[in-house]
Amino acid sequence: MKNNYSKMNFGLLIIMIIFSIFGLIMIFSASSIAAVLRYQVSSNHFVIRQLVSTIGGFILGFIIMAIPTKQYRFFSKILIYGMACLLAFLFIGGVAGGGAQSWFDLGAVNFQPSEFGKLFIIIYLAVSYNKMSGKKKINAWQLLKPLIPVVLIFFLVAAQPDLGGAAIIGIITFMIYTSIPYATKQKRKLTLIGLGAIAVGAIVVLLFQPKLLQSYQMRRILDFQRPCERYSEETGYQVCNGYIAIKNGGIFGVGLGKSTQKYLYLPEAHTDFIFPIICEELGIIVAVVILILYFIMLYIILGIAKETDNIRNSILAYGVFAYLLSHILINLLGVLGLIPLTGVPLPFLSYGGTYNLCILVALFIVERVSIENKLDKQRRKIENL
């Protein structure tokens, strides 16, 4: 076992540790004022919760990293269908937060099932499409069948309504589906049909939006540009204050803990809008370093996905790549006013116990794939002697 751990990708692990520590520092800085003034709790309330999820994520991650990925076939269906049932139960026993009924109140903590749903989808699709690797001919039904429970989860999340979470599930699924090496011609046709269905669905939402979406959600979708011209509106207020935070910081920042925008000007300073606070306190230079570290992390994950010898491990790594990339892009483009704001957290840096735990577990699954890549390479060398 110790020998296996020595084969993990230490570059990826180091970046995970750096981001986790830096995230805790910034969550404390961004949340300490709001914790006292807005939530009437202690100044370290949010950072303590994030610390617990971080420690739990690393412990659970190292345990999961010891499980061979071939064992996932024994519980992938249980995970995906169990998640569908859990998401359905949210409409009965869930609690609302951020305009969506997405949470279970467990007393000391709130649990958001949709975050685990993203991870379970990656595992389920990896196992399902890997089973096809030995077949000589694969038809359209075989390609589409694994997507049925995924589509169900997508609609359950969208109905909460959690449009950001549903969008990420759609992106992860689409990127995984387009990456599988089976039945290329059929896959292209089905992809075009799927894109057409999405376009039709978007038109239906726009035509019947009063019944399908809340008014604030439609404002976010249709009216997200020039936020500072709409400062008095909810859709412009947050993004414009994010701009002010970035401008205040300049190149070198005003200093750690010295942000003015976190004094309730940015209602979600420690969650969705943590990046503008980082820019304000530590400057554009640190923000660029963060983006470079994200790029390195994604590059490492993509490299691990390309080194694998089987479809299962390739999809596991590539799915986590899509998971991280979609969160990074949707969060940053949203806070910069380039796309509608959806309330998607930034990996490691935004407060969110369930999400933080899932990101760490996902990355440790990639570490397991890296270990198996090296074991396979070692085995081939022995066989060639």
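Each remark here, short or long, concerns the structure printed above.
Parameters and conventions
- Residues numbered from 1 in each chain as written.
- Predicted model: local features only at pLDDT ≥ 70, side-chain atom pairs only at ≥ 80, totals over all residues.
- Heavy atoms only, no water.
- Phe/Tyr/Trp six-rings, centres within 6.5 Å; stacked < 30°, edge-to-face > 60°.
- Buried < 20%, exposed > 50% of the residue type's maximum accessible area, 1.4 Å probe, protein only.
- Helix = DSSP H or I, 4+ residues; strand = E, 2+ residues; numbered from the N terminus.
- Salt bridge = Lys/Arg side-chain N within 4 Å of Asp/Glu carboxyl O.

K.L.:
What should I look at first to understand the packing of aromatic side chains in this one?
P.N.:
A ring pair, where both rings are aromatic, is described by two values, the distance of the centres and the angle of the planes. Enumeration over the complete set of coordinates arrives at 12 aromatic pairs. Judged by centre distance (5.3 Å) and plane angle (85 degrees), the rings of F154 and F155 are edge-to-face. Among the residues examined, F154 registers a relative accessible area of 29% and is labelled partly exposed. With relative accessibility at 53%, the residue F155 sits in the exposed group. Among the aromatic residues, ring-to-ring pairing joins F19, Y294 and F348 into one connected group.

K.L.:
It is not clear to me how the environment of F295 should be interpreted in this structure. Could you clarify?
P.N.:
With respect to the helices and strands, F295 occurs in helix 13 (residues 274-307). For the pair F295 and L325, spaced 30 residues apart in sequence, the C-alpha separation works out to 9.2 Å.

K.L.:
Just to check I follow, could you spell out the pattern of salt bridges for this structure?
P.N.:
If the charged atoms of two oppositely charged side chains come close together, the side chains can form a pair. For the coordinates displayed, the defined rule picks out 5 salt bridges. Residue E115 is joined to K118 by a salt bridge in which the shortest nitrogen-to-oxygen separation is 3.1 Å. Of this pair, E115 and K118 both sit in helix 5 (residues 113-130), separated by 3 residues, roughly a single helical turn. The buried category is assigned to K118, whose relative accessible area is 2%. Residue D309 pairs with R380 through a salt bridge whose shortest N-O separation is 2.2 Å. Linking D309 in the loop between helix 13 and helix 14 (311-335) with R380 in helix 15 (residues 353-383), this pair joins segments that are 71 residues apart in sequence. According to the relative accessible area criterion, R380 is partly exposed, its value standing at 36%.

Function cannot be read off these values alone, since they describe shape.
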